[in-house]
Amino acid sequence: MRAGRQTRQRPRSRRALALVAPLLLLLGACASDAPQDTLEPAGPIARKIDNLVNPVFIVAAVVFVLVEFGVLYLVLKFRQRKDDDPDELPGQTHGNTKLEIGWTVLPALLLGFVSFATLATLFDINDTQDDGLTVQVTGQQWWWEYTYDTDGDGEFTDEDVLTANDLVVPAGQNVDLEVTSRDVIHSFWIPRLNGKKDAVPGRRHSLMINADEPGTYVGQCTEFCGLSHAYMRQRVVALPPDEFESWLEDQQAEADEPTDEAAAAGAELFAGQCSVCHLARGINDEQFEDGGDGMAQLVSENAPDLTHFATRGAFAGATFDLWEDLDGDGIVEADEIGTANGGVLDRAALEAWLRDPPAAKPMAPVTPEEVEAGEQGRGMPNLNLSEEQIDQLVAFLETLE
Ligand code: CUA
């Protein structure tokens, strides 16, 4: 029996690893430069949450330490000693009115404080204003679309600015988001700006964000939404208000007809190959209309508007950087985007994507029956482009500033 138990025992090194691994994991979560750190609020709304989390954490920590030490103390003090009579019980506290009132009232007070603080914060951060900028945030498999209500009529139509991946906002201002979904449930979360909000088809959930300083704040979809859930990321790019205004104006313009030879060939290729899903206003409007009402489709055939593709820091659901991270801080910032800013296009990443998109970002598989029925997989299919075509498309896409 005893020998059998010994052979089942794990070697000491593996036991040590089993102990250390979770600790290392925990420590890994403490990285000081993690970009998705809810404990480093970057705006007034996120700070309200932080101001709730900290005192509640302190209360919980104090209770935890007191209870654990209390348990240890009692276990040690009242353990059965060698010459104790095993039938004799230690003194019982059952029926001690003072103690029972104490341990009923104290937790009730603590929980009362916690719930009051929580409710107050909840009401506070859900208090949207409706007087500033409103952006509709639409989750879909697997990227985020942003529609700016530029004319302020409360509707989100094709006349408004439509973009993807980068949610550009003015710094220091409240921005109302209306979060929804076109297919399944997603969840929008920029940890440094506010809590998370589910994106549910057929519903609109309000969420307000506000970033103190210009900068780029990242997040990712936090509701499992299918194969490429982990490739569904968000970037909020906060600009100084005057730069935001000129950004908004630029976004309303159509794309310029490319003059460069390779880019012009790319534009032609784009109109021929990409119009079923993608629109670049001023380039392929006609072909896009003919390509089917892409905008109204569910799931597949709904693809980002690419009119100002090159003004975004990332592509493919913000999974890949479109511009090089020149200062190496891990995030492509506004001043690294665009050749006019001295930015450098991450050509290799874009080429790899065009060469074989499903290899870079897994897509929902389609059965032969679904193909028969005219359905495409979600996400971008492999178009089997030649290297020359890829070069031309990249040259064209770079002009979409
Ligand atoms: Cu969208 Cu997970």
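One numbering rule holds for all chains: residues counted from 1, following each sequence as written. The predicted nature of this model means local features are confined to residues of pLDDT at least 70 and side-chain atom pairs, given and counted, to a pLDDT of 80 or more, with totals for whole chains, interfaces and linings taken over all residues. Side-chain descriptors were evaluated using all non-hydrogen atoms of the structure, hydrogens and water having been removed beforehand.

Trainee: So what exactly am I meant to see when it comes to the environment of Met208 here?
Mentor: For Met208, the position within the fold is in strand β8 (residues 205-209). Given the relative accessible area of 7%, Met208 is considered buried. Sequence separation between Met208 and Gly195 is 13 residues, and the spatial gap between their C-alpha atoms is 9.5 Å. The numbering of helices and of strands both runs from the N terminus, where a helix is a DSSP run of H or I of at least 4 residues and a strand a run of E of at least 2. With a 1.4 Å probe rolled over the protein chains alone, any residue whose accessible area is under 20% of its type maximum counts as buried; one over 50% counts as exposed, and the rest are partly exposed.

Trainee: Quick question: what am I supposed to make of helix α5 (residues 241-252) here?
Mentor: Residue pairs three or four apart in sequence face the same way in an α-helix, which turns once every 3.6 residues. Under the convention used throughout, the expected extent of a helix is 1.5 Å for every residue step, that is, one less than its residue count. Over its 12 residues, α5 extends 17 Å from the first C-alpha to the last, a length consistent with the 16 Å expected when each residue adds 1.5 Å. Note on definitions: a residue-residue contact is assigned when non-hydrogen atoms from the two residues lie within 4.5 Å. The elements touched by buried residues of α5 are β1 (133-140), β2 (143-148), β3 (161-164), β4 (166-170) and β10 (233-239).

Trainee: Explain helix α11 (residues 387-398) to me, please; I cannot follow it from the model alone.
Mentor: Taking 1.5 Å as the rise per residue, α11 with 12 residues should run 16 Å; its terminal C-alpha atoms sit 17 Å apart, in good agreement. Among the residues making up α11, those that are buried are Ile390, Gln392, Leu393, Val394, Ala395, Phe396, Leu397 and Glu398. Residues of α11 that are buried sit in contact with α6 (261-273) and α8 (347-355).

Trainee: Even after reading the chapter, I still don't get the pattern of salt bridges, so can you show me in this structure?
Mentor: Pairs can form between side chains of opposite charge whenever their charged atoms are close. We define a salt bridge as a side-chain nitrogen of Lys or Arg found within 4 Å of a carboxyl oxygen belonging to Asp or Glu. Tallied over the entire structure, the rule returns 8 salt bridges. Each member of the salt-bridge network shares a partner with another, and the members are Glu351, Arg355 and Glu387.

Trainee: Explanation requested: the pairing of strand β5 (residues 175-181) in the structure shown.
Mentor: Regular strands place their side chains on alternate faces of the sheet. Counting buried residues along β5, 6 of its 7 residues qualify, which places the element largely inside the surrounding structure. Here β1 pairs with β5 via 7 bridges, running parallel. Looking at the pairing, Leu133 lines up with Val175 of β5. Both β5 and β8 contribute to a ladder of 5 bridges, which runs antiparallel. Its bridge partner lying in β8, Glu178 is registered against Ser206. Only strands joined by at least two bridges in the DSSP assignment are considered to pair.

Trainee: Explain the nonpolar core here, please?
Mentor: Proteins that are soluble and globular tend to have nonpolar side chains buried together. To qualify as a nonpolar core, a set must consist of buried Ala, Val, Leu, Ile, Met, Phe, Trp, Tyr and Cys residues joined through side-chain atoms within 4.5 Å. Grouped together as the largest cluster of nonpolar side chains are 34 residues, with contacts concentrated most on Tyr148, Leu167, Leu177 and Phe188. Looking at this core, the elements with two or more residues in it are β1, β2, β4, β5, β8, β10 and α5. The element that contributes the greatest number of residues to this core is β10, accounting for 4 residues. Once residues lying within four places of it in the same chain are set aside, the contact partners of Tyr148 are Leu133, Thr134, Val135, Asp160, Val161, Thr163, Asp166, Leu167, Val168, Phe244, Trp247 and Leu248. The next biggest cluster of nonpolar side chains, apart from the first, holds 29 residues, and it includes Leu306, Trp323, Val332 and Phe396.

Trainee: Honestly, the packing of α6 against α11 in this entry has me stumped. Any pointers?
Mentor: Each pair of packed helices gets described by two things: the angle between the helix axes and the distance between those axes. Here an angle of 0 to 180 degrees is reported between the N-to-C directions of two axes, which are lines fitted to C-alpha atoms, with helices fitted over the stretch in contact. Direction vectors running N to C along α6 and α11 enclose 100°, while the axes themselves pass 7 Å from each other. What the angle tells us is that α6 and α11 run roughly perpendicular. Where α6 approaches α11, its residues Ala262, Ala263, Ala265, Gly266, Ala267, Leu269 and Phe270 are matched on the opposing element by Gln389, Gln392, Leu393, Ala395 and Phe396. When its residues are assigned to classes, the contact of α6 with α11 shows 9 nonpolar, 3 polar and no charged. The scheme is simple: roughly parallel for angles under 35 degrees, roughly antiparallel for over 145, roughly perpendicular for 65 to 115, oblique for anything else. Side-chain classes follow a simple rule in which Ala, Val, Leu, Ile, Met, Phe, Trp, Tyr, Cys and Pro form the nonpolar group, Asp, Glu, Lys and Arg form the charged group, and the remainder, Gly included, forms the polar group.

Trainee: Where do I start with the sheet that holds β5 in this structure?
Mentor: As a general point, the strands of a sheet are linked pairwise by backbone hydrogen bonds and lie either parallel or antiparallel. Strands sit in the order β3-β2-β1-β5-β8 across an open sheet of 5 strands; the sheet is mixed. Bordering the open sheet on either side are β3 and β8, each of which pairs with just one other strand. Between one strand axis and the next, the sheet turns by 25° as a mean value, whatever way the strands run. Sheet topology places β2 next to β3; 4 bridges connect them, and they run antiparallel.

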